[in-house]
Amino acid sequence: MPLKAYKTWSQERCRRKVDATLGPLEDYVRRHIRWTARLGIAFILNVCLISPFFAGMPWHSYWRTVGNPLLLLCLIIFLALMFEAGWTFTHWQALREYRRAEWSYLNATRRVEPENH
């Protein structure tokens, strides 16, 4: 049985309602997106720093003292990047579903005016 629409709301009012409801979750997702980007940049930078220490490269003689710790750091950053990317993707998907649920609820319980362009 469909819900009855009692009130008429504008698109802007519906948008404000959804933003008020999901605002903290959006901030949380944005913060994790920024951390994912930072870790990605750190990983790429670390990979670029490791390359001069490979065999046949100019600084190969320093592989044990500098290259190995850089390689370990690269591995740690890669694992952190994968974890953060998975965490971000999961919460981004949840935010999308919450947003869809909010809009479908508003459309079911309110008469939403069409947008005027």
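Data block above holds the structure.
Residues numbered from 1 in each chain as written. Predicted model: local features only at pLDDT ≥ 70, side-chain atom pairs only at ≥ 80, totals over all residues. Heavy atoms only, no water.

1. Quick word on helix 2 (residues 63-109)
Residues spaced three or four apart along an α-helix point in a common direction, a consequence of the helix completing one turn every 3.6 residues. With 47 residues, helix 2 extends 66 Å between its outermost C-alpha atoms, agreeing within 8% with the 69 Å of an ideal straight helix rising 1.5 Å per residue. For helix 2, the set of buried residues is Trp63, Gly67, Leu70, Cys74, Ile77, Leu81, Glu84, Thr88, Leu95, Glu102, Leu106 and Thr109. In this structure, the buried residues of helix 2 make contact with strand 1 (7-9), helix 1 (11-50) and strand 2 (110-112). (Helix = DSSP H or I, 4+ residues; strand = E, 2+ residues; numbered from the N terminus. Expected span 1.5 Å × (residues − 1). Buried < 20%, exposed > 50% of the residue type's maximum accessible area, 1.4 Å probe, protein only. Contact = heavy atoms within 4.5 Å.)

2. Some details on the nonpolar core
Trp9, Cys14, Val18, Leu22, Val29, Leu95 and Leu106 together form the largest nonpolar core, which totals 7 residues. Those elements giving two or more residues to this core turn out to be helix 1 and helix 2. Phe53, Trp63, Leu70 and Cys74 belong to the second-largest nonpolar core, a separate cluster that totals 5 residues. (Core = buried A, V, L, I, M, F, W, Y, C linked by side-chain atoms within 4.5 Å.)

3. Thoughts on the packing of aromatic side chains
Using the criterion set out here, one finds 5 aromatic pairs in the structure. Between the aromatic rings of Phe54 and Trp63, the centroid separation amounts to 6.0 Å while the plane-to-plane angle is 45 degrees, which identifies the pairing as tilted. Stacked on the ring of Trp35, the Lys or Arg Arg38 has its end atom at 5.0 Å from the ring centre. Above the face of the Trp92 ring, Arg96 is positioned so that its terminal group lies 5.1 Å from the ring centre. (Phe/Tyr/Trp six-rings, centres within 6.5 Å; stacked < 30°, edge-to-face > 60°. Lys NZ or Arg CZ within 6 Å of the ring centre and 35° of its normal.)

4. Here's the deal with the side chain of His32
Note on placement: His32 falls in helix 1. Overall, the relative accessible area of 14% leaves His32 in the buried class.

5. Quick notes on the environment of Thr88
With respect to the helices, strands and loops of the structure, Thr88 is situated in helix 2. Judged by its relative accessible area of 9%, Thr88 falls in the buried class. As for Thr88 and Arg34, which are separated by 54 residues in sequence, their C-alpha atoms are 9.6 Å apart. For Thr88, the contacting residues outside a window of four places in its chain are Val29, His32, Ile33 and Thr36. Side-chain polar atoms of Thr88 contact the backbone oxygen of His32, separated by 3.3 Å. (Polar contact = N/O pair within 3.5 Å; in protein donor to acceptor, adjacent residues only side chain to side chain.)

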